[in-house]
Amino acid sequence: MLLTYVDESYDRDHYWMVALVVAEKHLRPLHHALDSVVAKAADHYPVDRHAELHGHALVQARDGWTQMGNKGHNMVRARIGVYADAMKAIGAHDVRVIVRGLDLRAAGARTDGCPPPHEVVLRHLLEQICDHVQVRDELALVIADEIDGADDHRRHFRDYQQAGTGGSVSNTLPCLVDTIHFAPSKASRLLQAADLIAYLHRRLVSGQDGDPRARRANEKLWSYVAPRVAHQDCWIPEQSTGPRAKPAPTNPA
């Protein structure tokens with residue numbers, strides 16, 4: 001059985017979702033490795049050992065990382081160091097990363113309308129997860145960060161399994177079992193891992209970090225999980241006239 005942890009990150013232009021696929025035997029080792037990352041930070045800085053590994057909070061010194069909010073170079077470097085330790089821990093385990101996105105500008109320009117971004121990207125992500133799982137001749141359970149409208153997403157999931165996902169290649173998701181389970185990320189180190197990957201991927205793709213040093217730091221962080229990326233793509237509806245968004249590089253320089 002494979003466990004698949006799903007989280008999202010988005011801005012005005014693109015909506016991204018990440019699936020972190022983990023085999024049962026690697027669940028506890030990865031969980032413990034991520035616990036150790038926070039414990040190491042707590043040994044050196046005013047951080048609670050149960051602090052959530054959350055991409056935005058780490059970069060911006062929010063929530064459990066507020067006490068590391070000193071804007072001095074050393075504290076910024078320390079927070080990036082925690083992020084790096086977490087990404088190294090993820091990349092050191094036998095996991096796979098699947099990334100799907102939606103060009104929101106193109107979706108908004110469609111004359112026939114488009115379903116909500118979360119629904120669209122989650123459907124594409126589930127299809128890709130199923131394809132990946134089928135190749136491995138496995139079954140998978142999907143666990144996602146809790147979100148408004150969870151009941152709607154569970155209903156859509158059931159509809160997909162009964163009638164297919166639609167589109168040119170409809171998929172009844174035969175390798176995905178039960179339903180989509182929604183859980184608070186603060187209670188799951190594995191959902192936190194998915195969040196770290198999703199947040200970093202969005203920052204790289206958006207180009208929001210104009211400082212070359214910040215860009216290089218993010219590329220270095222991404223390099224720790226790049227070998228684990230099994231799929232990454234962004235859907236651009238046909239009416240789009242803008243350029244295609246490029247996913248984060250698999251092997252950044």
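Being a predicted model, the structure only gives us computed values, none of them experimental. (Residues numbered from 1 in each chain as written. Predicted model: local features only at pLDDT ≥ 70, side-chain atom pairs only at ≥ 80, totals over all residues. Heavy atoms only, no water.)

Colleague: Give me the lowdown on the pattern of salt bridges, citing residues and values where you can.
Modeller: For the structure on display, the rule yields 13 salt bridges. Asp233 is the salt-bridge partner of Arg100, the closest N and O atoms lying 3.9 Å from each other. Remark: Asp233 occurs in strand β6 (residues 229–235) and Arg100 occurs in strand β3 (residues 95–103); sequence separation between them is 133 residues. Taken together, the salt bridges that share partners define one network made up of Asp13, Asp103 and Arg105. (Salt bridge = Lys/Arg side-chain N within 4 Å of Asp/Glu carboxyl O. Helix = DSSP H or I, 4+ residues; strand = E, 2+ residues; numbered from the N terminus.)

Colleague: Give a detailed account of helix α7 (residues 189–206), specifying residues and quantitative values.
Modeller: Over its 18 residues, α7 extends 26 Å from the first C-alpha to the last, a length consistent with the 26 Å expected when each residue adds 1.5 Å. Extensive coverage of α7 is indicated by the burial of 17 of its 18 residues. Two residues or fewer past α7, Gly207 is found with a positive phi of approximately 70°. (Expected span 1.5 Å × (residues − 1). Buried < 20%, exposed > 50% of the residue type's maximum accessible area, 1.4 Å probe, protein only.)

Colleague: Can you explain the side chain of Arg123? Please cite residues and give values.
Modeller: Among the secondary structure elements, Arg123 is positioned in helix α5 (residues 117–135). It turns out Arg123 is buried and unbridged, and the closest side chain with the opposite charge, Glu119, is 4.5 Å from it. In this structure, Arg123 is in contact with Tyr160 and Thr165, ignoring residues within four places of it in sequence. (Lys, Arg positive; Asp, Glu negative; His and termini not counted. Contact = heavy atoms within 4.5 Å.)

Colleague: Let's hear about the packing of aromatic side chains: which residues, and what values?
Modeller: Under the definition given, this model contains one aromatic pair. Pairing Tyr10 with Tyr15 gives two aromatic rings, centres 4.9 Å apart and planes at 0°, and the pair type is stacked. Tyr15 gets classed as buried once you look at its relative accessible area, which sits at 7%. (Phe/Tyr/Trp six-rings, centres within 6.5 Å; stacked < 30°, edge-to-face > 60°.)

Colleague: Account for unusual backbone geometry, naming residues and giving values.
Modeller: A positive phi angle is found at Asp63, which is not glycine, with a value near 50°. Tracing the chain through its elements places Asp63 in the loop between α2 (55–60) and α3 (73–91). For Asp63, a relative accessible area of 63% translates into the label exposed.

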